[in-house]
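# What the coordinates show
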Amino acid sequence: MTTRFFKPGSISDAMDAYLKSDGTTHYFAGGTDLMVKLGPPGNTGHGFISLERLSGLNRVQERPEDKIFIGAMTGLSEVAGSGLIAEHFPALAAAAGSVGSPSIRNMGTIGGNVCNASPSADTAPPLMVYGASAVVAGRDGEKTIPMDAFFTGPSTTCLKPGDILTGFMLPKNPAIRAGFVKLGKRKAMECSIVSLGLSLEMDGAGKCGTVRIALGAVAPTPVRIVRAEKILEGRPLEAEFIHRAAAAVAGDIHPIDDLRATAGYRRKMAGRMVRETLLQMCRQDHQ
Amino acid sequence: MEDKNITVTINTKRHTLAVSPNETLLRVIRDRIGLTGTKNGCGEGECGACMVIRNGKPVNACLIPAMACDGDEITTIEGLADGPDRLHPLQDAFISHGAVQCGFCTPGMLISAKALLDDYPNPPREQIRKALSGNLCRCTGYQKIVDAVSAAASGTVPSEKPEAVIGGDYPRRDAIEHVTGVSKFGADITHSRAAVGKILRSEYAHARIKHIDVSAAEELDGVLAVVTGADVPRGYFGVDIKDRLVFAREKVRYRGDEVAAVAAETEAIAQKALSLIRVDYEPLEPVFDVREAMADDAPVIHEQLMDYAAGFETEKQGNICTMAHVRLGDVEKGLADADLVLESTFRTQIQHQASIEPHAAMAEIDSHGRILITTTNQKPFAVRRYLSHAMQIPMINIRVNATKIGGGFGGKLEMIVEPYAVLLARKCGRPVKIVYTRAEEFLATTPRHPASFKIKSGVKKDGTITAMQAEFIYDTGAYSGNGPTTVTLCAQVIGGLYRIPNVRLDGYCVYTNKMNCGSMRGPSAPQTTFALESHIDDLARAIDMDTLDFRLKNLLEPGEKTAVGQTLVDMDFKKTVLAVADAMDWRAPITDENTGKGLACVYWLSGGWSTSVTVKINEDGSVSVVTAAVDMGTGYLYTSVIQIVAEALGLDPDDVHLVQGDTDQCGYDHGIGGSRGVFTVGKCAKMAAENALEALMAVAARKLKVSRERLESKNSWISVKSAPEKRVSFADISVERHILSGGPITGVSEYLPEMDSIEPGRVKGLSFPAFKGVTIGCHGVKAHVSSDTGEVKILKYVAAHDVGRAVNPLAAEGQIEGGVAMGLGFALSEELMIGRQGEVVNPSFRDYKLPTAMDVPEVESILVETPAAYGPHGAKGLGEPTMAPPAAAVGNAIRDALKLRMTETPMTAERILSALEEKKKAVPSGMP
């Protein structure tokens, strides 16, 4: 039995503490999801290992090869307000700025938002469409995992016991245009009914190059909508293909009925959000 | 558990203390340091009441383990001012702008606002709304809060006193307590020996209790008492029908019914003890739908219904506990005479008061065995009466003292948490405090009745309504609660707006296996107004008449009678409706796509029932107003009533002090609700103050040797009108009276507003006739509806209310803005959902969607003043009617925008879209 609340100073100490614990100990980032699910340590026998003191996890940094690193412990407020992120990944900034409320964003971290692995995690779709990789410290050293492969189910990820997500590596790509859209019943304090991240890069010949579309809250995990992407790639960004792509969204998602919305509504909205976002980009092109 | 020392700096003071892992920062601040200005509204980071600044940033203290805070710097509300006389500009602005209503969300709001202004000295309104979007407020509709933050940012906080007392924008007298965090709400009452009480609730919606075994719970270390129905005499209680016991005995009737309660040293032990109580249930078939519950073969929820005592006469049958009927003229003939007959059905949801402050009570037993219960309750005398009935204790042995109420809205109008605290305290011999969790609030308190309506009317092509027939069914849940009254009010409201010669109304109040629905702000008003005003809109459209013109043609005029036979006086529908139409520029056509406008009117009654007020002149000439009426958060006592007393006596409102809510010290009051604060308590206070003035005048006349008629009172002096230098002060008269003959000079008054005359031949089964103080309003909305997503965007909102006389216009606007916000929640997003087993699906602020600061539009309030002869200075009630029209007005705007009639609230985006698609499928076969 380890201590119920532990604030280690290094990743290896954190990992040791985790692995020595009896499986009821959780890594603790901002706490905004964990404290609601489990309450403070002690009530249900669980413990927390705070990642707050680990160095290097709380920053946004330029890295070689035109990459940007976003530490996992970077607060959602910082992600939303970072100049670097606003410049290179505005859809991610918008997503981070849409989580919960200002105070929740002050506490919550981008790593926590992702590791909580809610199907509706707002930062997941933009991370996926920007081609981000998760940087993970494990017992056997560091590994990088593409965000598309990170989630394995509701509240589950591919992290092994003891693994610590240290941050995200995102490639800068000035040719990319991206958008984030969130649908909910309120304009704040809202768990998404559907969320959308979409990025688009035109090739030199006026056709769509790489297209990435990711949706939240419409499947057990945030998902890429590959069928729709393929319809667009190699084709001009025109209404015909946009409508076809939007129509294809339904094939790649598996929404459920819950208290927030029915599966049918989610399915409809997912397609329409993709359509409207693409049409808007199309209109920008013709302005 | 391993405690750990942490050092935290709170409001510049360093504290080193041992904390245990299960303590949150919020608990440390409230329970260990004793700073109770930081509130606990949900414990899940969803309401913002616990907002503090931690290392420069606003955070939810409920979500932070105390152990994480070692070395932190924390600012709470108590640290905002630079000392008692140097408030932060935001605090001054909140006070002067009427940004404080109940005050419970105020500390958290101020903390978020401070953090915003620290970073952005001059934010636009949209940014202010965003910064406050994690702070829920149920009272204000956010508008005055945004005003206050704007004013503080721009340095335009007014400091002068209003010129006139009546009609002056006086801030709440106790606002300073709220903005500095010193006011004490239910959960803030502490006692060093207090034990924690918790309640065990039924896991079944309908079941027989075979056996309860509490032995394991009693044996648990730290458990002080366990009580069940066996510890209480079988005393039934209830508002209209006495059908409820403190604990469920033979049967449980909903998931949440109280089965047992535990007092323990700590919350964790109490919680553990609950899990050790074994209850053997024999499940019975539950019924959740009112129509099914009304069927002959439905499971019977109250087998003894016919034996229950009731305060009025009504038919009962099966699960129907009230049948209300209104008959006027000949409906068949009226429908036959019509050019067109239209039938509509409507349904409304369970809306919850969702006050940010949860229910809380502390019970103590003194050495004589007398009970003191300190509770956040709107009706202290009723709690005393109910406790006495339910527990068969003489009333003299019960003292109920009301705390500040962090939002009532009718949710704190009944006895809810009090008896459990009392029983536990009596059994364990220590004070016991019970504070409901947010989930308990949603599971087991008294929300708004869901209702269904079937309305059929006939209309002539010229716009004359020939007949109306309506059936309405109110789902009262497991107990009747305020259901009979709600059905009665519905019958009065539905026939209160329009001139209809032939009317047949049939209302039913029906038991189901859900929580007991009660009185929420205007019980029946939003439900009925949604149904009636949607139906009326469709009637107008069916004959191609403008919906404004149709209303102007048919709305009742002063001197005309409502369906129950009440003669309307002192109100002006036309003026009120036209005020809205003007502000909306109603005649201007709307050309934008999917955009429409809608109107909805409301008829409501300012509550009656009796009250009493004593006005005492203190030795220094200041005045104490003693009343058992409490302030549920609207501020009427701390604004209008104080102003009324000050005006009557001729003194500064600052010299008026309130003593309230204590059954030992105060005269009787029925309980605060029904929009009766200013109308009834204000009137009684005026009469008491006038009596006190006459007593002062008599002394002054003797001293100044002139007749009473020659004297006047001003600024706490009584002087001779013709020779103002001849004068004597209140203080001089009062001191002399105290010392020489035993003071104080008092003015006492009792008051019961007359019931209005209705025509007994027209009604049957109603629980009361009608109150005099009719209060009316009209709202107008312009909205865009997305045909893609179903989302509604409010573009303009205008609300006019005929308030009689606005004793305090700032407070009146606050009621309108807050009512509109709550009404829009009812219209668009709020719904307490019940699952297949009778469970509440969404018992949290996360999933019960109160509008946030970013969801509520700016509201343009219009105060129409047609003085009411019965109200003080002509004032009428205003709290409740403000929330009735939004759903119908929005529904009518949707109808106008998309030719789509929504018949169910809340009109969520998904429901609108789905209705739109159904309609497209149904077209083209002759839809209107």
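Residues numbered from 1 in each chain as written. Chains lettered and ligands numbered in written order. Predicted model: local features only at pLDDT ≥ 70, side-chain atom pairs only at ≥ 80, totals over all residues. Heavy atoms only, no water.

What follows is about a nonpolar patch on the surface. Residue and element names in this part refer to chain B. On the surface, Val735, Ile739 and Leu740 cluster together into a nonpolar patch covering about 310 Å² of accessible area. Structurally, Ile739 is set in helix α20 (residues 730-741). With a relative accessible area of 64%, Ile739 lands in the exposed category. (Patch = residues over 30% accessible without salt bridge, like charges linked within 9 Å, V, L, I, M, F, W, Y side chains within 5 Å. Areas by Shrake-Rupley, 256 points an atom, 1.4 Å probe, with all protein chains shown as cover. Salt bridge = Lys/Arg side-chain N within 4 Å of Asp/Glu carboxyl O. Helix = DSSP H or I, 4+ residues; strand = E, 2+ residues; numbered from the N terminus. Buried < 20%, exposed > 50% of the residue type's maximum accessible area, 1.4 Å probe, protein only.)

As a further point, take the packing of aromatic side chains. What the rule picks out here adds up to 20 aromatic pairs over all chains. Ring centres of Phe28 of chain A and Phe48 of chain A lie 4.8 Å apart, and the angle between their planes is 40°; on these two criteria the pair is classed as tilted. Linking Phe28 of chain A in strand β2 (residues 25-28) with Phe48 of chain A in strand β3 (residues 47-50), this pair joins segments that are 20 residues apart in sequence. Assigned by exposure class, Phe28 of chain A and Phe48 of chain A land together as buried. On the basis of an interplanar angle of 40° and a centroid distance of 5.1 Å, the ring pair of Phe442 of chain B and Tyr848 of chain B is categorised as tilted. Taken together, the residues Phe442 of chain B in helix α13 (residues 438-444) and Tyr848 of chain B in the loop between α21 (809-829) and β32 (860-864) connect sequence positions 406 residues apart. Across the pair, Tyr848 of chain B and Phe442 of chain B agree in class, each one buried. One aromatic cluster in this structure is built from Phe5, Phe28 and Phe48 of chain A. Residue placement shows Arg63 of chain A over the ring face of Phe69 of chain A; its charged tip is 4.4 Å from the ring centre. Over the ring of Phe826 of chain B we find Arg448 of chain B, and its NZ or CZ is 5.9 Å from the ring centre. (Phe/Tyr/Trp six-rings, centres within 6.5 Å; stacked < 30°, edge-to-face > 60°. Lys NZ or Arg CZ within 6 Å of the ring centre and 35° of its normal.)

Let us now look at unusual backbone geometry. Gly743 of chain B connects to Pro744 of chain B through a cis peptide bond whose omega is -10°. As for its position among the elements, Pro744 of chain B is in the loop between α20 and β28 (745-751). Thr905 of chain B connects to Pro906 of chain B through a cis peptide bond whose omega is -5°. Note that Pro906 of chain B resides in the loop between α22 (886-898) and α23 (909-922). Here the phi dihedral of Met189 of chain A falls at roughly 50°; this positive angle occurs in a residue that is not glycine. Counting through the fold element by element, Met189 of chain A comes out in the loop between β11 (176-183) and β12 (194-202). Judged by relative accessible area, which is 5%, Met189 of chain A ranks as buried. One non-glycine residue, Ser524 of chain B, lies in positive phi territory at about 90°. Structurally, Ser524 of chain B is set in the loop between β20 (503-511) and α15 (525-542).

With that settled, the discussion passes to the confidence of the model for chain B. The predicted coordinates of low-pLDDT regions are not to be read in fine detail. For chain B, the average pLDDT comes to 96, and 99% of its residues sit at 70 or higher. In the model output, the complex is listed with pTM 0.97 alongside ipTM 0.97. (pLDDT = per-residue confidence, 0-100.)

Take the environment of Glu238 of chain A next. By secondary structure assignment, the location of Glu238 of chain A is in the loop between α9 (226-232) and α10 (239-249). Sequence spacing of Glu238 of chain A and Arg266 of chain A is 28 residues, and the spatial spacing of their C-alpha atoms is 25 Å.

For the rest of this paragraph, the subject is the pairing of strand β6 (residues 133-138) of chain A. Residue and element names in this part refer to chain A. Across the six residues of β6, six count as buried, placing the element largely inside the fold. Hairpin remark: β6 followed by strand β7 (residues 141-146), antiparallel, with two residues in the connecting loop. Here β6 pairs with strand β10 (residues 164-171) via five bridges, running antiparallel. Directly across from Ala134, in β10, lies its bridge partner Phe168. (Pairing = 2+ DSSP bridges.)

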